[in-house]
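# A look at the structure
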Amino acid sequence: KRKASGGGMATGREAGEPAMAEEERDWADLTPVCLAEAFSRLGPEDLWRGAMACCRAWREAARSRPALFAALDLEPAFDAVGADAAEWWTPAFQRRVDAMLRSAASLAAGELREVRVRHCSDDALAFAAKSSPQLSILSIQSSPSVTDRSMLTVASCCPILTELDISYCYEVSYKSLEVIGQSCPNLVVLKRSIFNWLDSSEHVRTVPAEYLRACPQDGDREAIAISRSMPKLKQLVLRFAKLSGVGLNSIAEGCKELEVLDLFGCANLTSRGIEQAAANLKNLEMLVKPNFYIPRSAFHMERYGHWQLYDERFQTNVFQI
């Protein structure tokens, strides 16, 4: 039971007249339809940890409306912490995320349209994909257990996907990008960033060292897969990707509709190459260049020849926007 006060600014009494007595309302009398309507105004945390945990009647009322679970967005909770926490990279935390993902897919009963989680597993993602033909937004960044296996399931079961974020998912290869592009023709947003491999100090206390060392090396192959299979892309984020001018030119030729291109940290690109690629993208509205200083110790100078060549490629003012 909840009590609702009738005092305060009531207009049905004269000045000096005693306030109305408190009125008791029994929320148990509300019909499931009314409860579900009230629950639709709650945020995800209040719905999951509040209403559904209150009692069986409230839980069943929530279950009666699958649309309440059309979106599973855990990003606000992750963002509130700031940077990655060490415990997020543990099997125990992955199991917790998996349980929420599976529950959301089941409760949505085919109406799940948006998923934004981190640190989920292959099995949980495949389960959600098979249960969610209406899925249009999928963000699973920092999921070390997600591989090509579950991504192929996403491609085959979620054909109306429009946005995909697989940043920091190192077990996902260019093969997944090819199949996703071919199977999801409406894809317009792709985020495929990797950790800062030039200076990993900001991650050493949270991300496992072996995972940082497993940084993908096939940036050009991924770029070519993107260019060949995702011609409708409007936003592409490739922070710290290891692509060269070859990969960038391929993107410029195959993704003509790009409006946003984020290349921050892409140390293997030159300012000249970026300018040439940008010139071919007539719809480009926002270009984020590498724009940072690369220490000389990060590279083998014999690969590029002499110091003059180094200075031409990596001086800081080359990357100023």
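Note that residues are indexed from 1 along each chain, following the sequence as it is written. Whole-chain, interface and lining totals are the exception, using all residues; otherwise, since this is a predicted model, local features are given only for residues with pLDDT of at least 70 and side-chain atom pairs are given and counted only at 80 or more. Excluded from the side-chain calculation are hydrogens and water; included are all heavy atoms of the structure.

Here we take up the pattern of salt bridges. Whenever a carboxyl oxygen of Asp or Glu lies within 4 Å of a side-chain nitrogen of Lys or Arg, that contact is scored as a salt bridge. This model, assessed by the stated rule, comprises 10 salt bridges. The partner of glutamate 75 in a salt bridge is arginine 118, and the shortest N-O contact between them spans 2.8 Å. Of the two residues, glutamate 75 is situated in helix H4 (residues 75-81) and arginine 118 in the loop between strand S4 (114-116) and helix H6 (122-130); the sequence distance between them amounts to 43 residues. Here glutamate 75 falls in the buried class, since its relative accessible area comes to 11%. Residue arginine 118 is classed as buried on the basis of its relative accessible area of 8%. Two residues, lysine 234 and glutamate 259, come together in a salt bridge whose shortest N-O distance is 3.9 Å. Of this pair, lysine 234 sits in the loop between helix H10 (219-229) and strand S8 (235-237) while glutamate 259 sits in the loop between helix H11 (245-254) and strand S9 (260-262), and the two are 25 residues apart along the sequence. Each residue's exposure class comes from its accessible area (1.4 Å probe, protein chains only) as a fraction of the maximum for that residue type: buried when under 20%, exposed when over 50%, partly exposed otherwise. Residue class for lysine 234 comes out partly exposed when judged on its relative accessible area of 32%. Here a strand is any run of E in DSSP of at least two residues, a helix any run of H or I of at least four, and the numbering for each starts at the N terminus.

Note on geometry: axes are C-alpha line fits, over the in-contact stretch for helices, and angles between N-to-C directions span 0 to 180 degrees. Running from amino to carboxyl end, H6 crosses helix H7 (residues 148-157) at an angle of 5 degrees, the nearest separation of the two axes being 9 Å. Comparing their axes, H7 and H6 come out roughly parallel. Contacts between H6 and H7 involve Asp122, Asp123, Leu125, Ala126, Ala129 and Lys130 from the former and Arg149, Ser150, Met151, Thr153, Val154 and Cys157 from the latter. Gly counts as polar in this scheme, as do all residues outside two lists: the nonpolar Ala, Val, Leu, Ile, Met, Phe, Trp, Tyr, Cys and Pro, and the charged Asp, Glu, Lys and Arg. Its residues placed into classes, the contact of H6 with H7 shows six nonpolar, two polar and four charged. An angle below 35 degrees is read as roughly parallel, one above 145 as roughly antiparallel, one from 65 to 115 as roughly perpendicular, and any other as oblique. By the convention used here, residues are in contact when the closest approach between their heavy atoms is within 4.5 Å.

Method remark: on a 1 Å grid restricted to protein atoms, a set of points is classed as a cavity if a 1.4 Å probe fits but cannot get out and as a pocket if it is open with protein on both sides within 12 Å along at least five of seven lines; lining residues have an atom within 4 Å of a point. Grid points are joined across faces, edges and corners, and a volume is the space filled by probe spheres set on the points. Across all of its chains, the model carries one cavity of 30 Å³ or more by this definition. Here the largest cavity is characterised by a volume of approximately 100 Å³. Along the wall of the largest cavity there are 13 residues; nearest its centre are Arg192, Gly219, Glu222, Ala241 and Lys242. Considered class by class, the residues forming the lining of the largest cavity number seven nonpolar, two polar and four charged.

Positive phi outside glycine occurs at histidine 119, with the angle close to 60 degrees. Phi angles above zero are rare outside glycine, and phenylalanine 240 is one such case at about 65 degrees. By the element assignment, phenylalanine 240 lies in the loop between S8 and H11. On the accessibility criterion, phenylalanine 240 (10% relative accessible area) is buried.

This next bit is on the packing of helix H5 (residues 91-108) against H6. Interhelical geometry of H5 versus H6 gives an angle of 10 degrees and a closest axis separation of 9 Å. The pairing of H5 with H6 is recorded here as roughly parallel in orientation. Across the interface between the two elements, Asp98, Leu101, Arg102, Ala105 and Ser106 of H5 pack against Asp123, Ala124, Leu125, Phe127 and Ala128 of H6. Looking at the contact of H5 with H6 residue by residue, the classes come out as six nonpolar, one polar and three charged.

Two strands pair if DSSP finds at least two bridges between them. Pairing in this open sheet of eight strands is parallel, and the strands run S3-S4-S5-S6-S7-S8-S9-S10 from one edge to the other. In this open sheet, the two edge strands, each paired with only one partner strand, are strand S3 (71-73) and strand S10 (286-288). The average undirected angle you get between the axes of adjacent strands in this sheet is 5 degrees. Note: S4 against strand S5 (residues 137-139), three bridges, orientation parallel. Residue valine 115 lies in a different strand from S5, and its bridge partner there is leucine 138.

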